[in-house]
Amino acid sequence: MSPRQITVLGECVADAFAETPAAPNELALRVLPGGGPANTAVALARLGTPARFLARLSDDLFGRLFRSHLEASGVDLSYAVAAAEPSTLAVAELDARGQAAFSFHAQNTADWQWTPGELERVDLSEAACVHTGSLALVRAPGATAVEEFLDRAAPRTTISIDPNVRPLLVHPDVYRGRLARWCRLADILRLSEDDLELLLPGTSPEQACDIWHAAGVRLVVITLGADGALASLDGERVRVPGVTTRVVDTVGAGDSFTAGLLHHLAERDLLGGRLTGLDVDDVAEAGRFAARVAALTCSVAGPNPPWREQVAQPVTPADA
């Protein structure tokens, strides 16, 4: 059987959520380890997929929290870089639907300082897939090194990309300028409906899939919140229904969906190349599993994806 290990590259971010303060004129924050790529690596490992995370981890208070969280979830950090720079902090404000708006403290932090030498030493011989995206692909100075790493990885592994557009830190034009190149590199492109609106304003999900297929990517999956997801394999579409649940917040839901999708494909030995053995029924089955993983993440606070045994349990209904 082909290797099932998935290598994830990207940032680890301290997600700070406001809580009721102990006294007036104070702000109490609860800090949880997050960041899109880190959330995906954690979810993969908890589902049972061997997951290796390529990260630049600071030795500050947050960096130690990240390392402990990742290792406790079973993520392989053997190629993580011990970084001298500080960790990235994101402060989240939740609306009535549990949707988070983030403000970032990310100037000169560890996550964006990748050098070619740090990535050239990574052994991909056991990797079926490399997944990346988010800010690591667009933040200078490390973004170029990350793209070069994907270039080297593409001939031997499936490439998965989640743009995860963060307009407060990087203008969407930067993502738009690079997206065609990412589609040439990637086999799988997973993004949210919010990402779609930022990247191709006014474009329907179906039209967007066709645009990105024409640019080179075979499988496009656009998550649609409570409405599930649209998946398109070489233009053949399938709608995946959402899983109804009581939503605490939606932080990390998209990352968990990506992990569920990749885990399901890896378990069926469908990763490792250009998806030549994949058909639309496989995509639909993987999407249904991914939607369940995402729903379970929404049912708890913060980016806290489920463990494998929890996925078999009933999802808390919306009216609970």
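Above: the structure in question.
Okay, so let's go over this structure. All figures in this text were calculated on a predicted structure; none of them were measured in a lab.

Rules used throughout
Residues numbered from 1 in each chain as written. Predicted model: local features only at pLDDT ≥ 70, side-chain atom pairs only at ≥ 80, totals over all residues. Heavy atoms only, no water. Pairing = 2+ DSSP bridges. Helix = DSSP H or I, 4+ residues; strand = E, 2+ residues; numbered from the N terminus. Axes fitted to C-alpha atoms, helices over the stretch in contact; angles between N-to-C directions. Contact = heavy atoms within 4.5 Å. Buried < 20%, exposed > 50% of the residue type's maximum accessible area, 1.4 Å probe, protein only. Core = buried A, V, L, I, M, F, W, Y, C linked by side-chain atoms within 4.5 Å.

### Re the sheet that holds strand E4 (residues 51-54)
Taken in spatial order, the eight strands of this open sheet run E4-E1-E9-E10-E11-E12-E13-E14, and their pairing is mixed. Both outer strands of the open sheet, E4 and strand E14 (236-240), are each paired with one neighbouring strand and no more. Neighbour to neighbour, the strand axes of the sheet diverge by 15° on average, direction disregarded. On the sheet, helix H8 (residues 253-267) packs against strand E1 (5-9), strand E9 (127-133), strand E10 (158-162), strand E11 (188-192), strand E12 (219-223) and strand E13 (229-233) and is oriented at approximately 155° with respect to E11. Helix H9 (residues 280-298) rests against E12, E13 and E14 of the sheet, and its axis sits at about 25° to E14.

### Looking at the environment of Phe66
Assignment of secondary structure puts Phe66 in helix H2 (residues 61-72). Judged by its relative accessible area of 1%, Phe66 is buried. Residues Phe66 and Pro241, 175 residues apart in the sequence, show an inter-C-alpha distance of 33 Å. In this structure Phe66 touches Cys12, Val13, Ala14, Pro33, Leu57, Ser87 and Thr88, once residues within four positions along its chain are discounted.

### Focus on the nonpolar core
In terms of nonpolar packing, the biggest core is built from 52 residues, with Phe149, Trp212 and Ile222 touching the most fellow members. Apart from the residues lying within four places of it in its own chain, the contact partners of Trp212 are Leu179, Cys183, Leu189, Leu191, Leu196, Leu199, Leu200, Val217, Val220 and Ile222.

### Things to note about the sheet that holds strand E2 (residues 13-19)
Read across the open sheet, the four strands follow the order E3-E2-E7-E8; overall the sheet is mixed. Each edge of the sheet is formed by a strand with only one pairing partner; in this case those strands are strand E3 (28-34) and strand E8 (100-105). Geometrically, the sheet is characterised by an average inter-axis angle of 30° between neighbouring strands, direction not taken into account. Of the pairings in the sheet, the one linking strand E7 (residues 88-94) to E8 comprises six bridges and is antiparallel in character. Residue pairing in the sheet places Leu94 in a bridge with Ala100 of E8. H2 contacts E2, E3 and E7 of the sheet and is inclined by roughly 50° relative to E3.

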